[in-house]
Each structure stands twice: as structure tokens, then as C-alpha cells.
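Below, each chain spelled out in residue letters.
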Amino acid sequence: MAQKQEPVVAIYPGSFDPITSGHLDVIERGSRLFDRLIVAILGNEAKSPLFSLAERMEMLSEAVAPFPNVQVDCFEGLLADYALRKGARGILRGIRAISDYEYELQMALMNRRLQPHLETIFLPAGEQYSFVSSRLVKEVARLGGDITGLVPPPVERRLRARWAPHGDQAKKDNQKK
Ligand code: ADP
């Protein structure tokens, strides 16, 4: 008799400040590999993000709406503990270049040491997005460059508003002067 299999849950953790088309490509491909994929924002404000946790949650939720088995969540503390609480067996991470791999490998091994049944699955970045990072997209947007296609359209609008002459961030910057 065939045994009933447990649904395979995986976590895709990150800062997502903001979500890019590269992240979304990993999410779409990951959604086909697992029964349930939880995109989890690390609520660690030490990185002084451009977008608040609430804004990042909103942008992610909008972007993953087409994928019914993908959920958005946030967490603090150890990823391995969070994964255990969620009953996840896998951690999904994207690799753009060898430079990503060194750090990602360390993290994967540490997480497996903390939770021996937790496996990290690396997906190679989509080749058209392998140069895309949240950091670079923010920088180009701040300097007025074209970021069409590098982030989902609602994120592009938010980034433009943030750096528009009368946007929130521009106001803050002017107050600092
Ligand atoms: P972190 O702060 O944990 O690096 P990020 O939000 O920058 O979080 O990235 C989350 C994950 O997505 C990481 O595994 C990162 O390597 C991967 N990633 C980032 N950008 C891309 C991209 N353009 N294509 C594929 N994977 C990516």
C-alpha cells in the first residue's frame, strides 16, 4: 500500500529590500519543487533597510500572489529554529556567482549543524538576472537610472517615489543637509 507522504515545506529566507525579478524567478521555480514555499523576511533591522518590514511584506505578498503554494512571513532569531517551527525540511537560496557560494555554503553547513534534517537547496540564478541585487537596484534607482524589468512593476513605482525629488527619502536627505 502506498504510504501517504508529508507535504514538503521549504523556506526562502532573505532581506528582500526590495524583492527583485531575480528573487521572483527563484520563487517561481521553487514553487514547482516544493508543496509549500514560505518566503521569510529576516526582521533584523541591523542592516538598516530602505523599506520597512511592513513595506517589504506588502511588496512580496503582491509579487507572489500568482503562486497559490507560496506564502510570505517574517521571522527573528535563528533560521534553523524558525524552520523547525514551520515544519520545513528545506531552505531555498539563490546563487548568482561563485562569490555568493562561499557565504551560502558556510550558512548551509551551519544550519545543518543546528538542525541535522534541514537541507539547503541552491538554485542557480536565472541567467538574465544573475547581475541583479537589491543593493545595486537601489543604487541605480537612487541615481535616476532605468530599472525596468529588474524588479516587479509595483516595486519599481515605489523605488521611483522614494527617490523622486519630493519623495520620502529625498525629503529626509534634504532635512539632514
Ligand atoms: P540576504 O540578505 O540573505 O543575502 P537577499 O534578499 O539579498 O538576502 O537574497 C536572498 C537570497 O536570494 C540569497 O540566497 C541570494 O543569493 C538570492 N538572490 C539575490 N538576488 C538574486 C538573483 N538576482 N537571482 C537569484 N538569486 C538571488
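Computed from a predicted structure; not experimentally measured.

### Digging into helix α5 (residues 134–142)
Moving on, step 1. By the burial criterion, the buried members of α5 are Ser134, Val137, Lys138 and Ala141. Seen end-on, α5 carries its buried residues on one side only, within an arc spanning 100 degrees.
Moving on, step 2. Elements that come into contact with the buried residues of α5 comprise α1 (21–33) and α6 (153–163).
Moving on, step 3. Looking at the residues trailing α5, positive phi occurs at Gly144, about 85 degrees.

### So, the site of the ligand
Moving on, step 1. Taken together, 17 residues surround the ligand, and among them Tyr12, Ser15, Lys47, Gly94 and Val132 come closest.
Moving on, step 2. One of the side-chain N or O atoms of Arg93 is found 3.1 Å from an oxygen atom in the ligand.
Moving on, step 3. Between the ligand and the protein, one listed contact pairs a nitrogen atom with a backbone N or O atom of Tyr129 at 2.9 Å.
Moving on, step 4. Burial of the ligand by the surrounding chains reaches 89%, relative to a free accessible area of 550 Å².

### Some remarks on unusual backbone geometry
Moving on, step 1. Cis geometry is found at the peptide bond from Asp17 to Pro18, where omega equals 0 degrees.
Moving on, step 2. For Pro18, the position within the fold is in the loop between β1 (9–14) and α1.
Moving on, step 3. Phi is positive for Phe16, which is not a glycine, with a value near 50 degrees.
Moving on, step 4. Here Phe16 is to be found in the loop between β1 and α1.

### So, a nonpolar patch on the surface
Moving on, step 1. Taken together, the side chains of Ile98, Tyr101, Leu105 and Leu109 define a hydrophobic patch exposed on the protein surface, amounting to about 380 Å² of accessible area.
Moving on, step 2. Residue position: Tyr101 is located in helix α4 (residues 98–114).

### Considering the layout of surface pockets
Moving on, step 1. One number sums up the size of the largest pocket: a volume of about 1200 Å³.
Moving on, step 2. What lines the largest pocket is a set of 44 residues, among which Gly14, Ser15, Phe16, Lys47 and Arg93 lie closest to the centre.
Moving on, step 3. Elements that contribute at least two residues to the lining of the largest pocket include exactly β1, α1, β4 (90–95), α4 and α5.
Moving on, step 4. With 8 residues, the top contributor of residues to the lining of the largest pocket is α4.
Moving on, step 5. When the residues that make up the lining of the largest pocket are grouped by side-chain class, the tally is 18 nonpolar, 15 polar and 11 charged.

What counts and how
Residues numbered from 1 in each chain as written. Predicted model: local features only at pLDDT ≥ 70, side-chain atom pairs only at ≥ 80, totals over all residues. Heavy atoms only, no water. Buried < 20%, exposed > 50% of the residue type's maximum accessible area, 1.4 Å probe, protein only. Helix = DSSP H or I, 4+ residues; strand = E, 2+ residues; numbered from the N terminus. Arc of directions from axis to C-beta. Contact = heavy atoms within 4.5 Å. Near = heavy atom within 4 Å. Polar contact = N/O pair within 3.5 Å; in protein donor to acceptor, adjacent residues only side chain to side chain. Areas by Shrake-Rupley, 256 points an atom, 1.4 Å probe, with all protein chains shown as cover. Patch = residues over 30% accessible without salt bridge, like charges linked within 9 Å, V, L, I, M, F, W, Y side chains within 5 Å. Salt bridge = Lys/Arg side-chain N within 4 Å of Asp/Glu carboxyl O. 1 Å grid on protein atoms, 1.4 Å probe; cavity = no way out; pocket = protein on both sides within 12 Å on 5 of 7 lines; lining within 4 Å. Points joined across faces, edges and corners; volume = space filled by probe spheres on them. Nonpolar A, V, L, I, M, F, W, Y, C, P; charged D, E, K, R; others polar.

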